[in-house]
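Take a look at the letters that make up each chain.
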Amino acid sequence: MKRRQIIGLLGLGPMALISSKIPIYDNPLVENLVKRWKSSKEYTMAVFNSMPADLIEYAPTTEQMSFAQHFMHLGLINNFYFGILTDEKTYKNFSELIAADFLVERPDEINLFQPDMLQIRNPATNKALVSKYVATTFDYVITSLGSVEDEALSRGVHTVKPDFLSGHSNLDLILRGENHTAHHRAQAVAYLRMAGVRPPKYTPYNKF
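What you are looking at is a predicted structure, and each value in this text was computed from that prediction instead of being measured.

A.B. asks: Could you clarify how one ought to interpret the nonpolar core in this entry?
C.D. replies: Burial of nonpolar side chains together is a common tendency in soluble globular proteins. Counting 50 residues, the largest nonpolar core has Trp37, Phe67, Phe71, Phe82, Leu145 and Ile174 as the members making the most contacts within it. Put simply, the parts of the chain that give this core at least two residues each are α3 (28–50), α4 (67–86), α6 (123–146) and α7 (170–194). Top contributing element to this core by residue count: α4, with 12 residues. Setting aside anything within four residues of it in sequence, one finds Phe71 in contact with Thr44, Val47, Phe48, Val134 and Ala188.

A.B. asks: Hey, could you run me through α6 in this one?
C.D. replies: Here α6 contains 24 residues, and its C-alpha end-to-end distance of 35 Å stays within 8% of the 34 Å for a straight helix at 1.5 Å per residue. By the N-cap criterion, in which a side-chain oxygen at the helix start approaches the backbone nitrogen of a residue two or three places on, α6 is capped by Asn122, the distance to Ala124 being 2.8 Å.

A.B. asks: Explain the side chain of Ser66 to me, please; I cannot follow it from the model alone.
C.D. replies: Looking at where Ser66 falls in the secondary structure, it is placed in the loop between α3 and α4. At 3.1 Å, the side chain of Ser66 forms a polar contact with the backbone nitrogen of Gln69. Apart from the residues within four sequence positions on either side, Ser66 is in contact with Ile56, Glu57, Tyr58, Ala59, Asp116 and Tyr191.

A.B. asks: Would you mind showing me how to read a nonpolar patch on the surface here?
C.D. replies: A grouping of Phe94, Ile98, Phe113 and Phe164 is seen on the molecular surface, where their side chains present a nonpolar patch of about 320 Å² in accessible area. Tracing the backbone shows Phe113 in the loop between α5 (94–97) and α6. You can call Phe113 partly exposed: its relative accessible area is 38%.

What counts and how
Residues numbered from 1 in each chain as written. Predicted model: local features only at pLDDT ≥ 70, side-chain atom pairs only at ≥ 80, totals over all residues. Heavy atoms only, no water. Core = buried A, V, L, I, M, F, W, Y, C linked by side-chain atoms within 4.5 Å. Buried < 20%, exposed > 50% of the residue type's maximum accessible area, 1.4 Å probe, protein only. Helix = DSSP H or I, 4+ residues; strand = E, 2+ residues; numbered from the N terminus. Contact = heavy atoms within 4.5 Å. Expected span 1.5 Å × (residues − 1). Polar contact = N/O pair within 3.5 Å; in protein donor to acceptor, adjacent residues only side chain to side chain. Patch = residues over 30% accessible without salt bridge, like charges linked within 9 Å, V, L, I, M, F, W, Y side chains within 5 Å. Areas by Shrake-Rupley, 256 points an atom, 1.4 Å probe, with all protein chains shown as cover. Salt bridge = Lys/Arg side-chain N within 4 Å of Asp/Glu carboxyl O.

Pasting the structure below:
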């Protein structure tokens, strides 16, 4: 008997037989998002750690955020997005958001939206403080994401949020966070080049 006839007798199409060999996960999309964010953390930290301690506040012009600020900024914004996603409270404006209990403590209360400088310390100390902050915000993201289920990703559209995030679903917040991280990390890579530092290669940190 031909294979096609056997399949017909079993009442199964070819795709059913193929899909039966694919592992079934409870939350395959979330699991993949977690993998992406873990890779993002590794690459982001590699980019940050490539800059010598005495150059972490390097900026091409006085109108731009420093190298260190880009990383503190992306950490803060990720903290915002995933706090909104997982917290039971709502935050209707930026003032409420910046005072949220879920925020990771920053090493310095510097401006993370306009050029500003870290407190005067030993450069190695400042680099270690910023590195710890960025790593902790990524850990917050990864832990928060691990508590989400696939079916919850489409929710959140009508959750009260600041205007700049209104209408975002939970998945929108996750993807917007990843896009925002890539945006600032790319600027940091350019800073490394301008400071005469070779950035880490991209590919090894994006395989999973």
